[in-house]
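Residue strings, one per chain:
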Amino acid sequence: MSSAPLPEPAVVHVLVSDPRAEPLLRELGDEYAARYGKDAHAELARYPDEEFTAPYGGVLLLLLERGRAVAGGAFRRYDTTTAELKRIWTHSAHRRRGLARQVVAELEREATTRGYRRIHLTTGPRQPEARALYLATGYTPLFATDADPESIGPLPFEKHLPASARTGKAASL
């Protein structure tokens, strides 16, 4: 007997302080610490929370199933035409379902709607699954892909967004 498929996750925009964002922040901090050492938790505090709110040109979104966060991600304003993706996450119990791709697509859609023309991001050299995600979703690596990632440091990527849905809001922020 097979179980019924889960409904499509609901997309919600939240503040960093929203209790539903806590699993994202906790698991990301733990993951960073496991890969980069105990000081990696500081990466989550690197940017003020307000940078992930609409008035500052950013967003934090979650994918919810049955009211619980299963994936999420954010962007912040990098410059007047560029959003910077941050905090892309899938709950450890929900990986291998394509949720990270859905988060990236939702963030791209939101960035385009806000008038951004480009997305920039970096991922750590010890995150091969993130590197694979960005390559698979059409991001251009701004580094030599055949180099040892540890010799590069943070791996930068970019993607130019389609002009069709832009409203021009980013430039006026």
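To be clear, the structure that these remarks concern was listed above.
The shown structure was predicted, so the numbers you read here are calculated from the model rather than taken from an experiment.

**Details of the nonpolar core**
- Ranked by size, the top nonpolar core spans 26 residues in total, and within it Phe75, Leu85, Ile88, Leu107, Tyr134 and Tyr139 carry the most contacts.
- When contributions to this core are tallied by element, the ones reaching two or more residues are β2 (59-65), β3 (68-79), β4 (82-90), α2 (99-113), β5 (118-123), α3 (128-136) and β7 (155-160).
- Among the elements that line this core, the one with the most residues is α2, at six residues.
- Not counting chain neighbours up to four residues away, the residues in contact with tyrosine 134 comprise Ile88, Val104, Leu121, Thr123, Tyr139 and Phe157.
- Among the nonpolar cores identified, the runner-up in size contains 17 residues, and Tyr47, Leu62, Ala69 and Trp89 belong to it.

**Some details on the packing of aromatic side chains**
- Within the structure shown, the criterion is met by four aromatic pairs.
- Residues phenylalanine 75 and tyrosine 116 carry aromatic rings whose centres are separated by 5.8 Å and whose planes lie at 80 degrees to one another, so their mutual orientation is edge-to-face. You can see phenylalanine 75 sitting in strand β3 and its partner tyrosine 116 sitting in the loop between α2 and β5, a full 41 residues away along the chain. A single burial state applies to phenylalanine 75 and to tyrosine 116, both of which are buried.
- Between tyrosine 134 and tyrosine 139, the aromatic rings sit 5.8 Å apart at their centres with planes inclined by 70 degrees, giving edge-to-face as the arrangement.
- A connected cluster of aromatic rings, assembled from ring pairs, spans Tyr134, Tyr139, Phe143 and Phe157.

**Here we look at the pairing of β7**
- Of all six residues making up β7, five are buried, and the element is well covered by its neighbours.
- By the bridge criterion, six bridges tie β5 to β7 in an arrangement that is antiparallel. Within the sheet, the bridge partner assigned to threonine 122 lies in β7 and is proline 156.
- Judged from the two bridges that link them, strand β6 (residues 140-141) and β7 form a sheet pairing that is antiparallel. Residue pairing for β7: threonine 140 is matched across the bridge by glutamate 158.

**A few points about the pairing of β2**
- Burial analysis of β2 places seven of its seven residues in the buried class, which makes it a mostly covered element.
- Sheet topology places strand β1 (residues 10-13) next to β2; four bridges connect them, and they run antiparallel. From the neighbouring strand, valine 11 faces β2, where its bridge partner is leucine 63.
- Between β2 and β3, which pair antiparallel one after the other, the connecting turn spans two residues, and arginine 66 there sits at a positive phi close to 55 degrees.

**Details of the packing of α2 against α3**
- Two elements in contact, α2 and α3, have axes separated by 11 Å at closest approach and are oriented at 55 degrees. Our classification of the angle between α2 and α3 gives oblique. Every pair of crossing elements has a handedness; the one defined by α2 and α3 is right-handed. Within the contact between the two elements, α2 uses Ala100, Arg101 and Val104 and α3 uses Leu133, Tyr134 and Ala136.

Rules of the game
- Residues numbered from 1 in each chain as written.
- Predicted model: local features only at pLDDT ≥ 70, side-chain atom pairs only at ≥ 80, totals over all residues.
- Heavy atoms only, no water.
- Core = buried A, V, L, I, M, F, W, Y, C linked by side-chain atoms within 4.5 Å.
- Buried < 20%, exposed > 50% of the residue type's maximum accessible area, 1.4 Å probe, protein only.
- Helix = DSSP H or I, 4+ residues; strand = E, 2+ residues; numbered from the N terminus.
- Contact = heavy atoms within 4.5 Å.
- Phe/Tyr/Trp six-rings, centres within 6.5 Å; stacked < 30°, edge-to-face > 60°.
- Pairing = 2+ DSSP bridges.
- Axes fitted to C-alpha atoms, helices over the stretch in contact; angles between N-to-C directions.
- Parallel < 35°, antiparallel > 145°, perpendicular 65-115°, else oblique.
- Left-handed = near helix turned anticlockwise from the far one by under 90°.

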